[in-house]
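Spelled out from the first residue to the last, the chains are:
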Amino acid sequence: MDLVNHLNDRLLFAIPKKGRLYDKCVSILKGSDIKFHRSQRLDIALSTNLPVALIFLPAADIPMFVGEGKCDLGITGVDQVREADMDVELPIDLQFGNCKLQVQVPANGGYQDPRQLIGKTIVSSFTNLTTKYFAELEGTTDDKITTKIRYVGGSVEASCALGIADAIVDLVESGETMRAAGLTDIATVLETSAYLIESKHPKSDPELIATIKSRIEGVMTAQRYVCCNYNAQTKDLHKLLPITPGRRAPTISKIDDEGWVAVSSMVERSKKGAIMDELKKEGATDIMVFEISNCRV
Ligand SMILES: Nc1ncnc2c1ncn2[C@@H]1O[C@H](COP(=O)(O)OP(=O)(O)OP(=O)(O)O)[C@@H](O)[C@H]1O
Ligand SMILES: O=P(O)(O)OC[C@H]1O[C@H](OP(=O)(O)OP(=O)(O)O)[C@H](O)[C@@H]1O
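Per chain, the residues get numbers from 1 upward, laid out in the order the sequence is written. Here every chain gets a letter starting at A, and every ligand a number starting at 1, in the order they are written. Whole-chain, interface and lining totals are the exception, using all residues; otherwise, since this is a predicted model, local features are given only for residues with pLDDT of at least 70 and side-chain atom pairs are given and counted only at 80 or more. Neither water nor hydrogens contribute to the side-chain values; these are computed over all heavy atoms in the structure.

Q: What should I look at first to understand the overall build of the chain in this one?
A: Note on conventions: DSSP H or I runs of at least 4 residues are helices, E runs of at least 2 residues are strands, and numbering of each starts at the N terminus. Each helix and strand counted, the chain has 8 helices and 15 strands in total. A 1.4 Å probe rolled over the protein chains alone gives each residue an accessible area, and that area as a share of the maximum for its type sets the label: buried under 20%, exposed over 50%, partly exposed in between. Across the 297 residues of the chain, 42% fall into the buried class. Every accessible area reported is derived by Shrake-Rupley at a probe size of 1.4 Å, with residue values counting cover from the shown protein chains alone. Accessible surface, the chain as shown: approximately 16000 Å² in total, 48% of it carbon and sulfur. For the chain, the centre of its 35 positive side-chain charges and the centre of its 40 negative side-chain charges are spaced 2 Å apart. Residues scored as charged are limited to Lys and Arg (positive) and Asp and Glu (negative), so that His and the chain ends carry no count. Where a charge sits is defined by one atom per residue type, namely NZ (Lys), CZ (Arg), CG (Asp) or CD (Glu).

Written out as structure tokens, the structure is:
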């Protein structure tokens, strides 16, 4: 099938083709019920249930495709958006791919302040952000900095040991890569996470864009909340309901037992243990927590 000729009239949605963000992106698409089949080695997949085409691209190229309006939507890290210096909307923080772009120096090298690196050689895959950062430190414009910024595409952390850099600017999540390379961080250039990004001048049907955004928001909410059900005596509700106020209000249903009701409420996943403990202490029984597979709020 000539896929390219099937792209007309479809919303083009750019997804990282591999790497750190890929699996989470696929699970967001799945959670949003955007069905597709990606043939091996093909970087375009037509959705089978929506007028959408998924375009699999390097995470670093996605801001340009969306910024220039070639794709209406995309998913990539904010670091990539800032590095590409593209003017796009950032409608949804997808809350994965969290890490920091940091200035890293040899742990035993005597640098404690990034100002000590002015005029030295810095290696990074994020040369634009690094240039801007040092231009600000030097109090000058990007084209006048004395610090030398060199690009490498990967394994940036090896640059100091190999003698091509005095320091590096690279992403840090757990810090394992940094420490294994004998480096330590002395400053943060940027904090980042993956975002749904949107063209400022989308070409597709606004209703379709709104539907996709609302589905992704639903996935985010479903990830953040669980559903908590319990039985309670009506006399205890004044103590129990403040523990489970819900997003708007808890649902209270009659049950076939005089003086008792069933309560259902969304609670934050990260607090569910403490909430169940407190409910039990205040007299709730049959407390159950359920996963929410998707929702619209
Ligand atoms: N260690 C990390 N922890 C969390 N998020 C990360 C980490 N490393 C990278 N990211 C995020 O993922 C994005 C893509 O990084 P990744 O290294 O996967 O890209 P890539 O270079 O396209 O893939 P690959 O390394 O497989 O070639 C980064 O721009 C950043 O937003
Ligand atoms: O703090 P950590 O948890 O160790 O993560 C940081 C590492 O993750 C990223 O690289 P990645 O593993 O994606 O490979 P790359 O070097 O090929 O980009 C980043 O460039 C660091 O090297």
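Next comes the rest of the write-up.
Q: Would you mind showing me how to read the side chain of Thr221 here?
A: Residue placement: Thr221 occurs in helix H6 (residues 206-224). Contacts were defined at the residue level, with two residues in contact if any of their heavy atoms lie within 4.5 Å. Once you skip the residues sitting within four places of it in the chain, Thr221 turns out to touch Arg247, Met266, Cys295 and Val297.

Q: Explanation requested: the site of ligand 2 in the structure shown.
A: One heavy atom within 4 Å of a molecule or strand makes the whole residue count as near it. Lining the immediate surroundings of ligand 2 are Arg20, Ser155, Glu157, Asp170, Leu171, Val172, Glu173, Ser174, Gly175, Glu176 and Thr177. Side-chain polar atom of Arg20 to an oxygen atom of ligand 2: 2.8 Å apart, as the coordinates give it. Here Ser174 contributes a side-chain N or O atom positioned 2.6 Å from an oxygen atom of ligand 2. Protein burial of ligand 2: of its 490 Å² of free accessible surface, 67% is covered by the chains. One can see that ligand 2 is located within the largest pocket. Broken down by secondary-structure element, the contributors of at least two residues to the shell around ligand 2 are strand S9 (167-172) and helix H5 (176-180). Counted as a polar contact is a pair of N or O atoms within 3.5 Å, where, for protein atoms, one must be capable of donating a hydrogen and the other of accepting one, and residues adjacent in sequence contribute only when both atoms are in side chains. Using only the protein atoms, space was sampled on a 1 Å grid; points where a 1.4 Å probe fits but cannot get out form cavities, open sets with protein on both sides within 12 Å along at least five of seven lines form pockets, and lining residues are those with an atom within 4 Å of a point. The rule for placing a molecule in a cavity or pocket is simple: more than half of its atoms must lie within 2 Å of the grid points.

Q: Sorry if this is basic, but what is going on with the sheet that holds S9 here?
A: In a beta sheet, neighbouring strands are held together by backbone hydrogen bonds and run either parallel or antiparallel to one another. Sheet architecture is open: 5 strands sit in the order S8-S7-S9-S6-S10, paired in mixed fashion. Of all the strands in the sheet, the pair left with one neighbour each is strand S8 (148-151) and strand S10 (183-192). Neighbour-to-neighbour, the strand axes of this sheet turn through a mean angle of 25°, independent of strand direction. Bridge count for strand S7 (residues 121-124) against S8 is 4 bridges, and the pairing is parallel. Looking at the pairing, Ile122 lines up with Ile149 of S8. For helices, the fitted line uses only the C-alpha atoms of the stretch in contact; every axis is such a line through C-alpha atoms, and the angle between N-to-C directions lies from 0 to 180 degrees. Strands in contact with helix H4 (residues 127-138) are strand S6 (99-106), S7, S8, S9 and S10; relative to S8, the strand with the most contacts, it is inclined by about 170°. When DSSP finds two or more bridges between a pair of strands, those strands are recorded as paired.

Q: Help me out: how do you make sense of unusual backbone geometry in this one?
A: Leaving glycine out, the prevailing phi sign among residues is negative, and the prevailing peptide bond configuration is trans. The phi torsion at Asp85 lies on the positive side, around 55°, for a residue other than glycine. Along the polypeptide, Asp85 turns up in the loop between helix H3 (78-84) and strand S5 (89-93). On the basis of relative accessibility, which here comes to 57%, the residue Asp85 falls in the exposed class. A positive phi angle, near 55°, is found at Gln95, a position not held by glycine. Note on placement: Gln95 falls in the loop between S5 and S6. The class of Gln95 is exposed, set by a relative accessible area of 53%.

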